[in-house]
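Commentary on secondary and tertiary structure
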Amino acid sequence: MSQASASGTDRAIPEFVGIPGPAVTCWTAAHSDLHWANVTAPLRILDWEGWGRAPEGFDAATLYAYTLLQPDLAARVRDAFPVLGSPAGLVAEATVCAQLLQTVARGDNLTLEDQLRDWSEELRRR
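Structural notes, computed from the coordinates. (Residues numbered from 1 in each chain as written. Predicted model: local features only at pLDDT ≥ 70, side-chain atom pairs only at ≥ 80, totals over all residues. Heavy atoms only, no water.)

1. Regarding helix 2 (residues 58-65)
For helix 2, a buried count of 8 out of 8 residues is recorded, marking the element as mostly surrounded by other parts of the structure. Residues of helix 2 that are buried include every one of F58, D59, A60, A61, T62, L63, Y64 and A65, and no others. Buried residues along helix 2 sit against strand 1 (27-30), strand 4 (52-55), helix 3 (71-80), helix 4 (90-105) and helix 5 (113-125). (Buried < 20%, exposed > 50% of the residue type's maximum accessible area, 1.4 Å probe, protein only. Helix = DSSP H or I, 4+ residues; strand = E, 2+ residues; numbered from the N terminus. Contact = heavy atoms within 4.5 Å.)

Quick look at the structure:
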């Protein structure tokens, strides 16, 4: 997600997560597509063609999203990345959640739908 696409999240976050789009307070370099297929052991991160600037915690939120079907692993990801659950990480989490709920609306990532909706509910309570 680049700074230019931030205006898209200003619409997507309220529509798909149900909260106003939080202001980005810190932009950082990000892989922007960090999921388990892009991580190897020993630790290597693959597939960097989409890297750029994103809200702090964007990669952690993306990796977290792709662990939602495995609650124990999701908890480990949250523990490993303290930005998740923090006020600073709210924008990244809301952005990733909104982006993935948009894909659900298009018929993709349907196996994550219930977990993404639960996550959006948790984000609304913050």
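2. Structural notes on unusual backbone geometry
Here the bond from A41 into P42 is cis, since omega is -5°, no more than 30 degrees from zero. Within the fold, P42 resides in the loop between strand 2 (39-40) and strand 3 (44-45). One non-glycine residue, S32, lies in positive phi territory at about 80°. Within the secondary structure, S32 sits in the loop between strand 1 and strand 2.

3. Focus: the packing of helix 2 against helix 4
At their nearest, the axes of helix 2 and helix 4 sit 8 Å apart, and the two run at 45° to each other. It follows from the interaxial angle that helix 2 and helix 4 lie oblique. Viewed along their axes, helix 2 and helix 4 form a crossing whose handedness is right-handed. Contacts between helix 2 and helix 4 involve F58, A61, T62 and A65 on the former and, on the latter, A92, E93, T95, V96, Q99 and L100. (Axes fitted to C-alpha atoms, helices over the stretch in contact; angles between N-to-C directions. Parallel < 35°, antiparallel > 145°, perpendicular 65-115°, else oblique. Left-handed = near helix turned anticlockwise from the far one by under 90°.)

4. Thoughts on the nonpolar core
Counting residues in hydrophobic clusters, the biggest one holds 30 residues, and the most contacted among them are V17, Y64, L84, V96, L116, W119 and L123. Elements represented by at least two residues in this core include exactly helix 1 (6-17), helix 2, helix 3, helix 4 and helix 5. The element that contributes the greatest number of residues to this core is helix 4, accounting for 9 residues. Apart from residues lying up to four places away in sequence, V96 is in contact with F58, A61, T62, A65 and W119. (Core = buried A, V, L, I, M, F, W, Y, C linked by side-chain atoms within 4.5 Å.)

5. Observations concerning the packing of helix 2 against helix 3
For any two helices packed against each other, the geometry is given by the interaxial angle and the distance between the axes. As a packed pair, helix 2 and helix 3 sit with axes 9 Å apart at the nearest point and diverge in direction by 170°. Judged on the interaxial angle alone, helix 3 and helix 2 are roughly antiparallel. Along its contact with helix 2, which presents A60, L63 and Y64, the element helix 3 presents A74, V77 and R78. When the residues that make up the contact of helix 2 with helix 3 are grouped by side-chain class, the tally is 5 nonpolar, no polar and 1 charged. (Nonpolar A, V, L, I, M, F, W, Y, C, P; charged D, E, K, R; others polar.)

6. Re the side chain of T95
One can find T95 in helix 4. On the basis of relative accessible area, T95 is assigned to the buried category, the value being 0%. A distance of 2.6 Å separates a polar atom in the side chain of T95 from the backbone oxygen of V91. (Polar contact = N/O pair within 3.5 Å; in protein donor to acceptor, adjacent residues only side chain to side chain.)

Any functional reading would require information that these geometric values do not contain.
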